[in-house]
Protein chains: 4
Amino acid sequence: MDALDIDAVDEADLDEPVLIEGLPGVGHVGKLAADHILEELEAETTLVRRIYSQEFPPQVSVDGGVTSLTCASVHAVTPETGRDMLVLTGDHQAQTNEGHYVLTDAFLDVAESFDVSELYALGGVPTGELIDEYAVLGAVNNESMLEDLEDIGVEFRDDEPAGGIVGVSGLLLGLGERRSIDATCLMGETSGYLVDPMSARAVLEILEERLEIDLEYESLDERAEEMKDVMGKIQEMENQQQSMEVPSDDDLRYIG
Amino acid sequence: MDALDIDAVDEADLDEPVLIEGLPGVGHVGKLAADHILEELEAETTLVRRIYSQEFPPQVSVDGGVTSLTCASVHAVTPETGRDMLVLTGDHQAQTNEGHYVLTDAFLDVAESFDVSELYALGGVPTGELIDEYAVLGAVNNESMLEDLEDIGVEFRDDEPAGGIVGVSGLLLGLGERRSIDATCLMGETSGYLVDPMSARAVLEILEERLEIDLEYESLDERAEEMKDVMGKIQEMENQQQSMEVPSDDDLRYIG
Amino acid sequence: MDALDIDAVDEADLDEPVLIEGLPGVGHVGKLAADHILEELEAETTLVRRIYSQEFPPQVSVDGGVTSLTCASVHAVTPETGRDMLVLTGDHQAQTNEGHYVLTDAFLDVAESFDVSELYALGGVPTGELIDEYAVLGAVNNESMLEDLEDIGVEFRDDEPAGGIVGVSGLLLGLGERRSIDATCLMGETSGYLVDPMSARAVLEILEERLEIDLEYESLDERAEEMKDVMGKIQEMENQQQSMEVPSDDDLRYIG
Amino acid sequence: MDALDIDAVDEADLDEPVLIEGLPGVGHVGKLAADHILEELEAETTLVRRIYSQEFPPQVSVDGGVTSLTCASVHAVTPETGRDMLVLTGDHQAQTNEGHYVLTDAFLDVAESFDVSELYALGGVPTGELIDEYAVLGAVNNESMLEDLEDIGVEFRDDEPAGGIVGVSGLLLGLGERRSIDATCLMGETSGYLVDPMSARAVLEILEERLEIDLEYESLDERAEEMKDVMGKIQEMENQQQSMEVPSDDDLRYIG
C-alpha cells in the first residue's frame, strides 16, 4: 500500500453535490448524523470511494469473524428532493497532527473530483451540562454565508468554540478556503458525556433546511430513548454529588 | 542503511508456501508458536531473508559478547508432510503506527516474492483469567474460509476481539486482502499474565490440522511445566487478595 | 496544501530591513512585543506573507463565526524614523522538534527574500519570582555584536539561560548563523506566572534604541495595570502560603 | 538547512584511523572519555567535521552570551605514539528512534570518508551500586575480536547488558557490521547515580592498551575527587535509609 490509497469503488453522476463530513468526535454527533443520512436515504446511496492511509491506526475491525481494514468511506447520495451529497464517514481520525492535514487534503481531492464547491463538517461542541434545547453553533470560512445560516437557526457566538476547531472538521474549513470551497461547520451542543442522538438530530434539521432534503428520525429517536435511561442515571448521580465539574478531554467516555 | 533493507540470505524452492507470522505480542503466543515450528522442523529449515528497518527500535541484542542488529527473519520450511511454509519471526514490533504499515508491506513483499497466496498470523487474546481449556479464536479476511476453519475447531465470536486486531497481525489481514492474499488470524486464549506455551500449543494444533503438518510438543510442554509453578504462585496471591482485577496493558509482565 | 506553503499576500519595498520575531512563549513576552509594534505603527504596516504548514496544530481559529487556518504572518513595517522591519508573529509554535527546524528555515527563507541580514528574536526568560526591575538578557550568534548591545543595557550572563535557547528563537540564531545573518535574542525577565506586558515593554525599549525607532506604550501600560490586579492576588496567596516554589513548565498558566 | 548537514571544517591526513564515539549517556562515561582524549592530545587534534541535523533537539547552547547550534563534532587526532583517531563527541543524542538510525548512518559516512575500518563506542553500564573496582564490559560485532579484547582485560558476560545496547552506541555496532567495519562497545561499570570520571578512566585504560596510545589522567582524577564528596553524601543517605533501591531510568540524575 502507498502512504495513501484512494480506491474508486464505484462512480456516480452528481449534480452540484455538497460534501457532508461526519467522522468520530465529541458526542459522536457528526458520525451519528452522517450515518443517519446514509441509513434514511439508503435506496439513493452508492459507495463510491474508500480512503486507506498509514495515518489511520494500524488495525482491522472484525465483524462476524471477517476483518475490514481501517478506512474512511465516501458515499454518493442522490435524494429525490434536495441537493446531491457526498457523505464522508469512518471509524477513526488520523493519529498525528500532520496526519490530519494529509487526510483532509485527500478528502478535499475526492470532493474536487466530484466538482464539490460547498461542504458541511458536522460535529458536537461540549457544554459539560445535560441539555434541554439543542442549539447548533456554526462557523464558516466565508463571511458571506453567515446571514443565510443565521436565518435558518444556526447560532454564531463571538468566542465560541473557544480554542477554535481542531482536527479534520477545522481543517476542512481552513484548507477548503485555500481551494475556494465554501465550508460550514455545524456543531450541535452536547453534554460531552454521552453519544448524543438528539444533538445529531438538531444538526440534521439545520442541514435539511439548508439542502432542502427530507429525513425521517424514527431510528435516531429510538436511540435517543435508550440514551435517556443512561442520562437519568447520570442525573441521579449529579443530584447525589451536588456539584459536577465539566469533564476534561480525558474524562469523556462515550456510551453508545 | 536505507529506511528498510531486505537482505537475501539464501534462496529456497517452495511449493505453494503459506506465510506464518509469529512476532512478540500478548502472552508471546505467536512468537512461541513460530519459534516452535522452527525448532521442531530445524532439519527442513533455511533462513532466507532478514528485514532491517528504521521502524525497529535502535538497538542490538548481545549474545556471548557478540551483537546482532534488530531485525525480523524469514525462514523457509519444507516439512516431509504437509504444506511448505515461510515463517516470520523477530524480537520486536514497529515502534510507531506508520511503522506497522511499512513493515507489514515489507513482509508481504517478501511473501509475494515466494508466491505466497495464503497466510496465518498467530497471536494471543487476553482473557484476564487463568485458563483451563485453551480455545483458539479466529478472524479471516475472506468470508469463504470461515466454514473450513470452524470445522477444525477455530471459534468465531460475534464481537471478539473487541476493538479489532491491532498491529502487524491485523494489518497482515487488512493489507493482505488488498493484495488478494487469503489471511487468517489464529488467536490463542491466554490469561495475559504470563508467557503461555499451552496457548501456543493450542494454536499450533489448529495449524497442524490446517496445513497437514506434524509437530512434537515435548519442549513446549516442558516450558509449560515451568510456567505452572509461576501460575501456582499467582493463584496463591489471587486467593490471598480475594479479588484480582484484569491487568491493564502496562501491568502485563511476561515471565519467560 | 503542500507540507509548507508561503503565500505572498503583498509586496513591500524595504531598505535594509531587520526581522523581528515574536511567537508565543514564556510570559507571551515576544508575542506581546511584536504585536505592540504592529499596533503602534499600524499606519506604516503591510501584511506581506502568510506561512501555512503541517507542522502547525491542525486547527482553525474562529472570530465572529468566521474561521482562519493556523499560520504565521509576516508584516512589513516602514516607520518614519528608524530601521525598516519585517515582523513575524503567529498564535502557534511547531508541534515537533523537527517542525521547529522546518518552520525556522521557512522564516529565514522569507527574511532572505527581503534581503534581511540582521534579526531579533524576542522572548521571555522565567525567574520564578515577581519582578520589580525588568532586566533584558541577550544572546548573539556573532561575538562582535556583544559590546554594542551591552552599551544599550542588554545583560549577558555567563550561564544564562541555563539549558540554552529552545525552539524557533534559538534556531533563528543557530540556523541564521549558517546563513550569515547576524541574530540577537532579547529575553525579558518575567515571573513565568503571567502574561507580562511590562517585560515586553522592557524588551521593546532596548529595540527602540537599537533600531532608532519610536514607540508609545499607552496600550501596553493599560494591559500591565490589568495584570497588576492579578499579581496582587498572587502575592496575597504567596504571603498566605509562605513559600511558593518555582512552577514547572506544566504549571505555567498564562492569564491574558 | 537540509535535514542533515555535514560541514567539512578542515581536513586531516590520517593513517588507518579508528573512530572513537563518546556521546552523552549513562554516567556520561563515554562523553567524559572522549572529551578527555581531546583535552590530553589537544596539540595533535584538529576539528574536521560538524554534523547538524533536524534529529537533534531544536536549540542553541549559550556560552558567554554567544550561541552555538546543537551539533555533533568529529576531531582528527594524530598522537605521537599509537593509532590515529577520529573522535566523535557532542552534547545531545537524537530525539527519536528513527533519528538514531539517521545520525548513526551519517557518523559512519564520515568515518568511511576517512577510511575507518575499526571503531570503538564508549559508554557506561549502570549497576545501581557504588563501585570499588571498575570493570569494563565489552560487546563486539565480529566474534574474531573477542579473544584479543579479553587478553587486555575486557569482560564479556553471557547476558549483559540485559536488553542489549540501545541508541547510537548499539547502532554503530549493528550498522557498522553491515558496512564491514569491526566495532567494539566498551562499557565502564558505573553506579548510574553520578557523572563518573573513574569509570571513564577505566574505559580509557583499555583503549590505551588497545590503540597503543598514551594518556595522562590528572584532570580526570581531579574531577573524580570532586565526585567523591558527592558520593560520600550519597553513602551517608544510604546508611540512613538502610535500603536503597536501584533507580529507574527516570530517577537517574547526573551531577557534573
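Source: prediction; values computed, not measured.

## Looking at the overall build of chain A
Piece 1. Secondary structure summary: chain A contains six helices and eleven strands in total.
Piece 2. In terms of overall dimensions, chain A is globule-like: its C-alpha atoms have a radius of gyration of 18 Å, near the 18 Å expected for 256 residues.
Piece 3. Counting only C-alpha atoms, chain A reaches 55 × 50 × 35 Å along its principal axes.
Piece 4. The buried share among the 256 residues of chain A stands at 56%.

## Describing the interface of chain A and chain C
Piece 1. Chain A puts 30 residues into the contact, and the matching count from chain C is 19 residues.
Piece 2. Interface area, chain A with chain C, both sides summed: about 1900 Å², of which 54% is carbon and sulfur.
Piece 3. Its largest share of buried area at the contact with chain C, chain A owes to Asn-97, Tyr-101 and Arg-178 of chain A, together 34% of the area lost on that side.
Piece 4. Summed over the shared surface of chain A and chain C, the result is two salt bridges.

## A few points about the relation of the copies chain A and chain B
Piece 1. After a rotation of 90 degrees and a shift along the axis of 0.1 Å, chain A superposes on chain B with an RMSD of 0.1 Å. Between the two chains, the operation in question is that of a four-fold axis. The position closest to the rotation axis in chain A is occupied by the C-alpha of Thr-96 of chain A, lying 7.6 Å away.

## Some remarks on the interface of chain A and chain B
Piece 1. Contacts between the two partners involve 19 residues from chain A, matched on the other side by 29 residues from chain B.
Piece 2. For the pair chain A and chain B, the summed buried surface comes to about 1900 Å²; carbon and sulfur atoms form 54% of the total.
Piece 3. Looking only at chain A, the three residues that lose the most surface to chain B are Met-1, Gln-54 and Pro-58 of chain A, adding up to 33% of its buried area.
Piece 4. Across the contact surface, chain A and chain B share two salt bridges.
Piece 5. With a closest N to O distance of 2.9 Å, Asp-5 of chain A and Arg-178 of chain B form a salt bridge.
Piece 6. The tally of links from chain A across to chain B stands at ten residue pairs in polar contact (both at pLDDT 80 or more).

## Some words on helix H5 (residues 197–211) of chain C
Residue and element names in this part refer to chain C.
Piece 1. With 15 residues, H5 ought to run about 21 Å at 1.5 Å a step, and its terminal C-alpha atoms sit 20 Å apart, in line with that.
Piece 2. Every buried residue belonging to H5 is among Pro-197, Ser-199, Ala-200, Ala-202, Val-203, Leu-204, Ile-206, Leu-207, Glu-208 and Leu-211, and all of these are buried.
Piece 3. Of the residues flanking the start of H5, the one acting as N-cap is Asp-196, its side-chain oxygen 3.2 Å from the backbone nitrogen of Met-198.
Piece 4. Just downstream of H5, Glu-212 is the residue with a positive phi angle, here 60 degrees.

## Focus on the packing of aromatic side chains
Piece 1. Within the structure shown, the criterion is met by zero aromatic pairs over all chains.
Piece 2. One Lys or Arg, Arg-178 of chain B, reaches over the ring of Tyr-52 of chain A and ends 4.0 Å from the middle of that ring.

## Here we look at the pattern of salt bridges
Piece 1. Evaluation of the coordinates by the stated rule reveals 60 salt bridges over all chains.
Piece 2. With a closest N to O distance of 3.3 Å, Lys-31 of chain C and Asp-91 of chain C form a salt bridge. A residue pair is termed long-range when its members are at least 10 positions apart, and Lys-31 of chain C in helix H1 (residues 29–40) and Asp-91 of chain C in the loop between strand S7 (85–90) and helix H2 (97–113) qualify at 60 residues.
Piece 3. Taken together, the shared-partner salt bridges in this structure form one network comprising Asp-105, Asp-109, Glu-112 and Arg-179 of chain A.

## What about the packing of helix H1 (residues 29–40) of chain D against helix H5 (residues 197–211) of chain D?
All names here are of chain D.
Piece 1. Between H1 and H5, the shortest axis-to-axis distance is 8 Å and the interhelical angle comes to 60 degrees. On the basis of the axis angle, H1 is oblique to H5. Here H1 runs over H5; the crossing is right-handed. Residues Val-29, Leu-32, Ala-33, His-36 and Ile-37 of H1 form the contact with H5, whose participating residues are Pro-197, Ser-199, Ala-200, Val-203, Leu-204 and Leu-207.
Piece 2. Across the contact of H1 with H5, the residue classes tally to nine nonpolar, two polar and no charged.

## Some points on the environment of Gln-93 of chain D
Residues and elements named next belong to chain D.
Piece 1. Among the structural elements, Gln-93 can be located in the loop between strand S7 (85–90) and helix H2 (97–113).
Piece 2. Note: C-alpha distance between Gln-93 and Leu-103 (ten residues apart in sequence) is 8.8 Å.
Piece 3. In this structure Gln-93 touches Leu-23, Pro-24, Glu-55, Phe-56, Pro-57, His-100 and Val-168, once residues within four positions along its chain are discounted.
Piece 4. In terms of polar contacts, Gln-93 uses its side chain to reach the backbone carbonyl oxygen of Pro-24, at 2.8 Å.

## Quick look at helix H1 (residues 29–40) of chain B
Piece 1. The terminal C-alpha atoms of H1 of chain B, which comprises twelve residues, lie 16 Å apart, in line with the 16 Å expected from a rise of 1.5 Å per residue.
Piece 2. All of the buried residues along H1 of chain B are Val-29, Gly-30, Lys-31, Leu-32, Ala-33, Ala-34, His-36, Ile-37 and Leu-38 of chain B.

## A closer look at the pairing of strand S11 (residues 182–190) of chain D
Residue and element names in this part refer to chain D.
Piece 1. Among the nine residues of S11, eight are classified as buried, and the element is accordingly described as predominantly covered.
Piece 2. In this structure, strand S8 (residues 118–126) lies alongside S11, joined through nine bridges in parallel fashion. Bridging from a neighbouring strand, Glu-118 pairs with Asp-182 of S11.
Piece 3. Here five bridges tie strand S9 (residues 136–140) to S11, and the two strands are oriented antiparallel to one another. The residue bridging Gly-138 from the neighbouring strand is Leu-186, located in S11.

## Describing unusual backbone geometry
Piece 1. Omega for the bond connecting Glu-160 of chain A with Pro-161 of chain A falls within 30 degrees of zero, at -10 degrees, which places this linkage in the cis form.
Piece 2. On the secondary structure map, Pro-161 of chain A appears in the loop between helix H3 (146–151) and strand S10 (165–166).
Piece 3. Even without a glycine there, the phi angle at His-28 of chain A is positive, about 50 degrees.
Piece 4. Note that His-28 of chain A resides in the loop between strand S2 (18–22) and helix H1 (29–40).
Piece 5. One non-glycine residue, Glu-16 of chain B, lies in positive phi territory at about 45 degrees.
Piece 6. Counting through the fold element by element, Glu-16 of chain B comes out in the loop between strand S1 (4–8) and strand S2 (18–22).
Piece 7. Relative accessible area serves as the criterion here: at 58%, Glu-16 of chain B is assigned to the exposed category.

## A short note on the confidence of the model for chain A
Piece 1. For chain A, the average pLDDT comes to 91, and 94% of its residues sit at 70 or higher.
Piece 2. With pLDDT under 50 throughout, residues 243–256 of chain A is counted as low confidence; its partners more than four residues away or in other chains account for 28 contacts.

## Regarding the side chain of Asp-84 of chain B
Residues and elements named next belong to chain B.
Piece 1. Assignment of secondary structure puts Asp-84 in the loop between strand S6 (72–77) and strand S7 (85–90).
Piece 2. Although buried, Asp-84 forms no salt bridge, and the nearest oppositely charged side chain, Arg-83, lies 7.6 Å from it.
Piece 3. In terms of polar contacts, Asp-84 uses its side chain to reach the backbone amide nitrogen of Asp-15, at 2.8 Å.
Piece 4. When sequence neighbours within four positions are dropped, the list of residues in contact with Asp-84 reads Asp-13, Leu-14, Asp-15, Glu-16, Pro-17, Val-18, Val-77, Thr-78 and Pro-79.

## Concerning the arrangement of the chains
Piece 1. There is no contact between chain B and chain C; across them, the least C-alpha separation is 15 Å.
Piece 2. Over all C-alpha pairs, chain A and chain D never come within contact, reaching a minimum spacing of 15 Å.

## Description of the side chain of Ser-53 of chain C
Piece 1. Tracing the backbone shows Ser-53 of chain C in strand S3 (residues 45–53).
Piece 2. On the accessibility criterion, Ser-53 of chain C (1% relative accessible area) is buried.
Piece 3. In this structure, Ser-53 of chain C is in contact with Tyr-101 of chain A together with Met-1, Ala-3, Leu-4 and Leu-103 of chain C, ignoring residues within four places of it in sequence.

The rules we used
- Throughout, a residue's number is its position along its own chain's written sequence, starting from 1.
- Written order determines the labels here, with chains lettered from A and ligands numbered from 1.
- This being a predicted model, a pLDDT of at least 70 is required before a residue's local features are given, and a value of 80 or more before pairs of side-chain atoms are given or counted; all residues contribute to the totals for chains, interfaces and linings.
- With hydrogens and water set aside, each side-chain value is computed from the structure's full complement of heavy atoms.
- To qualify as a helix, a DSSP run of H or I must reach at least 4 residues; to qualify as a strand, a run of E must reach at least 2; elements of each kind are numbered from the N terminus.
- Our radius of gyration looks at C-alpha atoms and nothing else; its globule reference is 2.2 Å times the residue count to the power 0.38.
- Exposure classes here rest on a 1.4 Å probe applied to the protein chains alone. A residue is buried below 20% of its type maximum, exposed above 50%, and partly exposed in between.
- Throughout, a residue-residue contact means that at least one pair of heavy atoms, one from each residue, lies within 4.5 Å.
- Note on terms: buried area is the combined drop in 1.4 Å-probe accessible area of two parts once they are placed together, counting the loss on both.
- Only one rule defines a salt bridge in this text: a Lys or Arg side-chain nitrogen within 4 Å of an Asp or Glu carboxyl oxygen.
- For this overlay, a least-squares fit was computed on C-alpha atoms, restricted to residues scoring pLDDT of at least 70 in both copies.
- Within 3.5 Å is the distance limit for a polar contact, defined as a pair of N or O atoms, with the added protein rule that one can donate a hydrogen and the other accept it, and that residues adjacent in sequence qualify only through two side-chain atoms.
- The span one expects for a helix is its residue count, reduced by one, times 1.5 Å.
- Within 6.5 Å between ring centres, the rings of Phe, Tyr and Trp (the latter by its six-membered ring) count as paired, and their orientation is classed by plane angle as stacked under 30 degrees, edge-to-face over 60, tilted in between.
- Put simply, a charge is over a ring when the Lys NZ or the Arg CZ is close to the ring centre, within 6 Å, and near the line of the ring normal, within 35 degrees.
- The angle between two axes is taken between their N-to-C directions and runs from 0 to 180 degrees, where each axis is a line fitted to C-alpha atoms and a helix contributes only its stretch in contact.
- Convention used here: angles under 35 degrees read as roughly parallel, angles over 145 as roughly antiparallel, angles from 65 to 115 as roughly perpendicular, and any remaining angle as oblique.
- Left-handed describes a crossing in which the near helix is turned anticlockwise from the far one by less than a right angle; the clockwise case is right-handed.
- By the convention adopted, Pro, Cys, Tyr, Trp, Phe, Met, Ile, Leu, Val and Ala count as nonpolar, Lys, Arg, Asp and Glu as charged, and the other residues, Gly among them, as polar.
- Pairing between strands is defined by DSSP: at least two bridges between the two strands are required.
- Per-residue confidence from the predictor is reported as pLDDT, a score between 0 and 100.
- Charged residues are defined here as Lys and Arg on the positive side and Asp and Glu on the negative side; His and the ends of the chain fall outside this count.

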